[in-house]
Amino acid sequence: MKYILVTGGVISGVGKGVIASSFGTILKCCGVRVTCIKIDPYINIDAGTFSPYEHGETYVLDDGGEVDLDLGNYERFLDVTLHRDNNITTGKIYQQVISKERKGDYLGKTVQVVPHITDAIQEWVERIAHIPVDESNEAPQVCIVELGGTIGDIEGMPFVEAFRQFQFRVKRENFCCAHVSLVPQPRSTGEPKTKPTQSSVRELRGLGLSPDLIVCRSEKPIGQSVRDKVSNFCHVGPEQVICIHDLSSVYRVPILMEGQGLVDFISERLHLNLTLPQPKSYMMKWRNLADRFDFTQSQGAPDVEPTEKGSIEVVRRESCCVVGVDLLRKEVTIALVGKYTKLEDSYASVLKALQHAAIEVGYKLNVSLIEAANLEKEMKMEDPVMYHKAWQTLCKSNGVIVPGGFGKRGFEGKLEACQWCREMQRPFLGICLGLQSAVVEFSRNVLKLDKANSTEVDPDTPHPLIIDMPEHNQGQMGGTMRLGKRTTVFTSDKSVMKQLYGNKQSVEERHRHRFEVNPKYVKQLEAAGLKFTGHDTENKRMEILELENHPYYVATQYHPEYLSRPLKPSAPFMGLILASVGKLKQYLEHCNSLNPSDVSEDSEFLFLSADDLEAMSTSVDKMRLDSATDNMA
């Protein structure tokens with residue numbers, strides 16, 4: 001087993017998670033099996049009880065683990081399935097050690113940070129590193145470990161000491177340390193400053209870890225002179241300094257890292273014996289994804305000469321083959337109505353899932369974050385400016401999503417958004433609390449149950465449309481919800497959601513909720529047109545909701561965003577984007593496939609992968625190859 005430890009310096013939030021994911025992406029493109037571990041030095045057992053404002057969203061795994069949002073980055077980048085133990089916290093380590101001490105496992109010895117805590121950390125990493133995480137069901141070859149926080153934090157010291165020992169435990173040829181540091185560029189001088197990186201590396205070395213790679217994060221590109229300076233003062237070779245500036249998307253990060261000779265260095269440093277050089281097409285799918293994203297987000301046409309309508313021309317643009325025809329930019333605006341909109345990381349997976357779907361459809365995505373409380377009638381008196389601004393933003397959107405959440409605040413605002421989408425025939429997707437909001441709103445305004453509510457909001461409501469589940473323990477908050485992957489069975493062949501999922505009889509999605517639809521009201525709701533087209537395997541819990549005679553009004557009790565991938569968008573999100581641009585009907589008629597005429601009324605640029613180009617090889621002699629010849633796979 002090979003290990004890559006990713007540490008951070010100067011400040012937190014410099015992108016260690018994306019850097020760690022990018023290491024894995026590059027290695028996986030080279031045919032190496034990869035797994036990831038995230039270490040969070042906080043004392044919490046897991047991320048389940050965090051406020052989204054405290055630490056961003058809580059990400060849920062198949063086994064029900066509530067973990068740090070960086071594990072979502074790992075799963076999306078690497079397309080793997082991680083486990084709850086892939087997220088290590090100080091709380092978990094101390095809980096394990098104290099439990100052993102209570103059982104007498106330490107035979108009367110004094111239990112200390114060194115060696116007992118540090119040994120527990122090392123044993124945990126070694127154990128989890130060998131667990132299969134992909135479809136091959138084989139043990140990984142490389143484990144990437146991200147140490148949260150920054151070097152020098154007091155709570156991270158036991159972990160740094162553990163890895164100081166660990167590098168000798170697994171031997172040098174199996175251990176590599178990558179240090180991610182900030183290189184600020186003050187506006188007063190405009191000159192990149194390497195002193196913070198020098199200080200951070202010096203502190204890391206003082207703790208016993210010497211970085212093999214230094215990843216310099218900066219706002220703007222760093223010149224070779226700065227790179228040489230970091231190399232000189234931090235005692236590493238120039239090829240060991242990787243410079244990553246702010247890019248158009250996170251999908252560009254692996255490409256930029258790979259372009260700086262990372263594969264050659266890692267292969268030699270960890271004795272991976274990779275085939276070098278790699279074929280030019282080995283990261284083609286990832287480059288294609290990055291180019292597709294840039295294309296949909298850009299405001300102008302790429303540097304391609306348009307050809308006659310219907311004709312084909314292959315040109316080279318940033319290592320991607322583009323088929324150029326007439327271009328007309330298309331955009332789609334989605335309003336996200338939630339209660340944690342002040343921090344985008346609170347809805348990280350939802351925003352990524354929307355992005356994945358928009359890239360697939362070929363539209364530029366604009367997301368408008370609306371504070372749910374600002375839509376409520378009381379806000380009209382308290383702050384009319386905020387009230388009218390929120391409603392104006394909602395009305396300008398092409399589609400609306402109401403994501404999950406907990407608590408009373410903003411609930412009435414979510415009901416207002418549900419009602420507006422239902423009555424105005426606007427595409428709508430509700431997730432978890434979004435489904436519950438749709439049910440309560442329908443009950444009040446269609447079934448005329450005026451005081452219908454959720455028992456979470458009003459425990460004494462005479463019409464409890466949403467009730468708590470048997471799993472929900474009111475006396476204990478952590479780990480008491482319905483968590484993890486569960487099966488949803490479709491109950492209707494006319495379901496739009498069933499068609500979006502490829503007409504499967506059932507699907508498996510991840511859950512995280514304490515409340516659910518009251519079965520006593522299901523018949524009454526369905527008789528009025530609100531159909532529950534997906535149930536759990538016992539036919540007791542309502543999983544999918546669809547409204548009759550509406551372009552797209554659906555909601556799920558599960559969280560489909562957790563399983564969305566850049567190259568495989570989530571079905572409910574695809575449905576929302578397609579309905580918002582008026583292309584859902586054509587998409588379903590073509591058996592869930594996209595072609596140029598479906599994506600836009602006018603032809604656009606099509607990004608072709610290596611497989612696509614190979615399929616076109618029979619007619620390649622008729623095409624103008626020019627500088628793209630060396631880019632053919």
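Analysis parameters
- Residues numbered from 1 in each chain as written.
- Predicted model: local features only at pLDDT ≥ 70, side-chain atom pairs only at ≥ 80, totals over all residues.
- Heavy atoms only, no water.
- Helix = DSSP H or I, 4+ residues; strand = E, 2+ residues; numbered from the N terminus.
- Buried < 20%, exposed > 50% of the residue type's maximum accessible area, 1.4 Å probe, protein only.
- Contact = heavy atoms within 4.5 Å.
- Areas by Shrake-Rupley, 256 points an atom, 1.4 Å probe, with all protein chains shown as cover.
- Salt bridge = Lys/Arg side-chain N within 4 Å of Asp/Glu carboxyl O.
- Expected span 1.5 Å × (residues − 1).
- Patch = residues over 30% accessible without salt bridge, like charges linked within 9 Å, V, L, I, M, F, W, Y side chains within 5 Å.
- Core = buried A, V, L, I, M, F, W, Y, C linked by side-chain atoms within 4.5 Å.
- Pairing = 2+ DSSP bridges.
- Axes fitted to C-alpha atoms, helices over the stretch in contact; angles between N-to-C directions.
- Disulfide = S-S within 2.5 Å.

A. Local environment of the overall build of the chain. Counting its secondary structure elements, the chain contains 22 helices and 24 strands. Taking all 633 residues of the chain together, 58% fall into the buried category. Counted over contacts in the chain with a minimum sequence separation of 6, partners at least 24 positions apart contribute 72%. When the accessible area of the chain is evaluated, it comes to approximately 26900 Å², of which 49% is carbon and sulfur surface.

B. Structural view of the pattern of salt bridges. One pass over the structure, following the stated rule, counts 31 salt bridges. Residue Lys485 is joined to Asp62 by a salt bridge in which the shortest nitrogen-to-oxygen separation is 3.1 Å. Residue Lys485 is found in strand E18 (residues 482-490), and its partner Asp62 is found in the loop between strand E3 (59-60) and strand E4 (66-67); the two are separated by 423 residues along the sequence. Glu441 is paired through a salt bridge with Arg422; the nearest N and O atoms lie 2.7 Å apart. Of this pair, Glu441 sits in helix H16 (residues 433-445) while Arg422 sits in helix H15 (residues 411-424), placing them 19 residues apart in sequence. Since its relative accessible area comes to 13%, Arg422 is described here as buried. Here the salt bridges do not stand alone but share partners, grouping Asp62, Glu75, Asp79, Lys485, Glu508, Arg510 and Arg565 into one network.

C. Quick look at unusual backbone geometry. Here the residue pair Val114 and Pro115 is connected by a cis peptide bond, since its omega of 15 degrees sits within 30 degrees of zero. Looking at the element boundaries, Pro115 is found in helix H5 (residues 113-129). One non-glycine residue, His235, lies in positive phi territory at about 60 degrees. Mapped onto the fold, His235 is located in the loop between helix H8 (224-233) and strand E9 (241-245). Among the residues examined, His235 registers a relative accessible area of 63% and is labelled exposed.

D. Seen up close, helix H6 (residues 157-169). Compared with the 18 Å implied by 1.5 Å per residue over 13 residues, the 18 Å span of H6 between its first and last C-alpha is a close match. Listed as buried for H6 are Pro158, Phe159, Val160, Ala162, Phe163, Gln165, Phe166 and Gln167. Looking at the residues trailing H6, positive phi occurs at Lys171, about 80 degrees.

E. Broad picture of a nonpolar patch on the surface. On the surface, a nonpolar cluster with roughly 320 Å² of combined accessible area is contributed by Tyr94, Ile98, Val113 and Val114. Of all the elements in the fold, those that place two or more residues in the nonpolar patch are helix H4 (90-103) and H5. Classification of Ile98 by relative accessible area gives partly exposed; the value is 49%.

F. Examining the nonpolar core more closely. Formed by 52 residues in total, the largest nonpolar core has its most connected members in Ile4, Phe23, Ile144, Met257 and Ile266. Broken down by element, the residue count for this core peaks at six residues, all from helix H1 (residues 16-29). Excluding anything up to four places from it in sequence, Ile4 contacts Phe23, Leu27, Val142, Cys143, Ile144, Val145, Cys176, Ile266 and Leu270. Ranked by size, the runner-up nonpolar core spans 43 residues in total, among them Tyr387, Ala417, Leu433 and Met542.

G. Representation of the sheet that holds strand E23 (residues 553-556) in the model. With respect to topology, nine strands assemble into an open sheet ordered E13-E12-E14-E15-E23-E22-E21-E18-E19, the strand pairing being mixed. In this open sheet, the two edge strands, each paired with only one partner strand, are strand E13 (364-371) and strand E19 (506-513). Direction aside, neighbouring strands of the sheet carry axes that sit 25 degrees apart on average. Examined bridge by bridge, strand E12 (residues 331-338) and strand E14 (residues 399-402) share three bridges and lie parallel to one another. Bridge pairing links Ala335 to Val400 in E14.

H. Quick peek at the state of the cysteines. Summed over the entire model, instances satisfying the criterion amount to zero disulfides. Here Cys234 is not cross-linked by a disulfide; its sulfur's nearest cysteine counterpart is in Cys216, at 7.5 Å. Among the cysteines around Cys418, which has no disulfide bond, Cys421 carries the closest sulfur, lying 7.0 Å off.

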